[in-house]
Amino acid sequence: MSAASASPGRAPARRVIAVVVLVPLLAALALWAFAWPAARTAPRDLPLGVAGTIAATAQTEQRLAQREGAFEIHRYADEAAARDAIEDRTVYGAVLVTAQGTTLLTASAASPFVAQMLQQTMAEQAAASGARVETVDVVAAPQTDPRGSALNASVLPLALAGIAAGSAVTLLGLRGFRAVGALVGATALIGVVAAAVAHSWLHVVTGDWWAEAGTFTLAALAVSAAVAGLAALAGPAGLAIAASVVMLFGNPFSGAATAPQMLPEPAGTIGQWLPPGAGTSLLRSVSFFDGAAATGPVLTLAWWSALGLGAVLLGGALRTRAQRAESASRPEPVAVG
């Protein structure tokens, strides 16, 4: 009797302890996920080109190599080859060394942060040697968003929109192909609205309008399908897990404000495997580089979307089968005559 009467009082106490312990842990995890990459921002094997003859570029390469592990050097014969590499998103910039002097080729559209960092690096080297370095922005960021602030700010709203779409489908009890249709329709509308705001109104992306709308759609679909798919298989816990992964790791590890190679590992790599990071990389490609280096991000987002939608269909089918089995196992009512 005493044990039975004590158990109801223990349950609220356990809940209080769970809140007291879990909330600080969650706060610590969120602080770590967001603050750690920001506090450790630095180039790590950042692709950088060096153009010119071997004799002319030897000193420049030697100085860049002094920053061990910072740059991944790509060598090019001349300025044209270096420009092509920048426009293909093979490198973030290139140092051109000729008899006339040194020129830094950058691409602020790829990352204003990296372009500024490269200018600072070359300015320090120039001050040490007494030389003068000219800077040329090969693929410039739009004048309406020279620092990339608007593009960076779009990562969180798109993630939230995807989470909202996936959560709505789950909470409304949609299953199977109805759920898939709702997700595709909702994210297509998200993509159109996002392109209208970013391209037509704010002019912060300048590529093909429909390619940008498709990018926004695919990024939102990857998130919403993951949320709805995991919820279909694991219930409310799956919804919470998928949303937490996107928010706590997808956003801070995306590299939108800097570049994936500016984040500590494995954050930079993980970020490109998640929808926010892949979506940001794809948006830069279609908006400023005519689709260069878009294959990887497209495949990442497509896999997330396909697996998530497949999980939605599988979860719906399993639930329907369970309900049928439960109905079949119930004894039929006996008629009283």
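Quick caveat: nothing in here was measured; it's all calculated off a predicted structure.

Caption draft 1: View of a negative patch on the surface. On the surface, a cluster of negative charge is contributed by D78, D84, E87, D88 and D290. Inspection of the secondary structure puts E87 in helix α3 (residues 79–87). Owing to a relative accessible area of 36%, E87 belongs among the partly exposed residues under this scheme.

Caption draft 2: Spatial organisation of the environment of V298. Topologically, V298 is positioned in helix α12 (residues 295–329). A C-alpha to C-alpha distance of 9.1 Å links V298 and A219, two positions 79 residues apart in sequence. Excluding its chain neighbours within four sequence positions, the residues that come into contact with V298 are L218 and L282.

Caption draft 3: Inspection of a nonpolar patch on the surface at higher detail. A grouping of V16, I17, V20, V21, L22 and L25 is seen on the molecular surface, where their side chains present a nonpolar patch of about 570 Å² in accessible area. Exposure remark for I17: the relative accessible area of 53% places this residue in the exposed category.

Caption draft 4: Region of the structure containing the pattern of salt bridges. In this structure the tally under the stated criterion is 2 salt bridges. One salt bridge in this structure joins E61 and R75, with 2.6 Å as the shortest N-O distance. Remark: R75 occurs in strand β2 (residues 71–76) and E61 occurs in helix α2 (residues 54–65); sequence separation between them is 14 residues. For R75, a relative accessible area of 59% gives the class exposed.

Caption draft 5: Structural context of the sheet that holds strand β1 (residues 46–51). Spatial strand order, β2-β1-β3-β4-β5: 5 strands in an open sheet with mixed pairing. In this open sheet, the two edge strands, each paired with only one partner strand, are β2 and β5 (133–137). Direction aside, neighbouring strands of the sheet carry axes that sit 25 degrees apart on average. Relative to β2, β1 runs parallel, the two sharing 6 bridges. Pairing of P47 across the sheet is with E72, part of β2. Taken strand by strand, α2 contacts β1, β2 and β3 (93–98), and its axis lies near 160 degrees from that of β1. α3 contacts β1, β2, β3, β4 (101–106) and β5 of the sheet and is inclined by roughly 20 degrees relative to β4.

Caption draft 6: Expanded view of the layout of surface pockets. By volume, the largest pocket amounts to about 400 Å³. Around the largest pocket sit 24 residues that line it, and R89, Y92, P260, Q272 and S281 are the ones nearest its centre. When residues of the lining of the largest pocket are traced back to their parent elements, those giving at least two are α11 (275–288) and α12. With 5 residues, α11 is the single largest residue contributor to the lining of the largest pocket. Partitioned by chemical class, the residues of the lining of the largest pocket number 11 nonpolar, 11 polar and 2 charged. Of the volumes computed, that of the second largest pocket is approximately 290 Å³. Taken together, 15 residues form the lining of the second largest pocket, with N152, N251, P252, S254 and A257 sitting closest to its centre. At 3 residues, the largest contribution of residues to the lining of the second largest pocket is made by helix α1 (residues 2–39).

Rules used in this analysis
- Residues numbered from 1 in each chain as written.
- Predicted model: local features only at pLDDT ≥ 70, side-chain atom pairs only at ≥ 80, totals over all residues.
- Heavy atoms only, no water.
- Patch = residues over 30% accessible without salt bridge, like charges linked within 9 Å, V, L, I, M, F, W, Y side chains within 5 Å.
- Areas by Shrake-Rupley, 256 points an atom, 1.4 Å probe, with all protein chains shown as cover.
- Salt bridge = Lys/Arg side-chain N within 4 Å of Asp/Glu carboxyl O.
- Lys, Arg positive; Asp, Glu negative; His and termini not counted.
- Charge placed at Lys NZ, Arg CZ, Asp CG, Glu CD.
- Helix = DSSP H or I, 4+ residues; strand = E, 2+ residues; numbered from the N terminus.
- Buried < 20%, exposed > 50% of the residue type's maximum accessible area, 1.4 Å probe, protein only.
- Contact = heavy atoms within 4.5 Å.
- Pairing = 2+ DSSP bridges.
- Axes fitted to C-alpha atoms, helices over the stretch in contact; angles between N-to-C directions.
- 1 Å grid on protein atoms, 1.4 Å probe; cavity = no way out; pocket = protein on both sides within 12 Å on 5 of 7 lines; lining within 4 Å.
- Points joined across faces, edges and corners; volume = space filled by probe spheres on them.
- Nonpolar A, V, L, I, M, F, W, Y, C, P; charged D, E, K, R; others polar.

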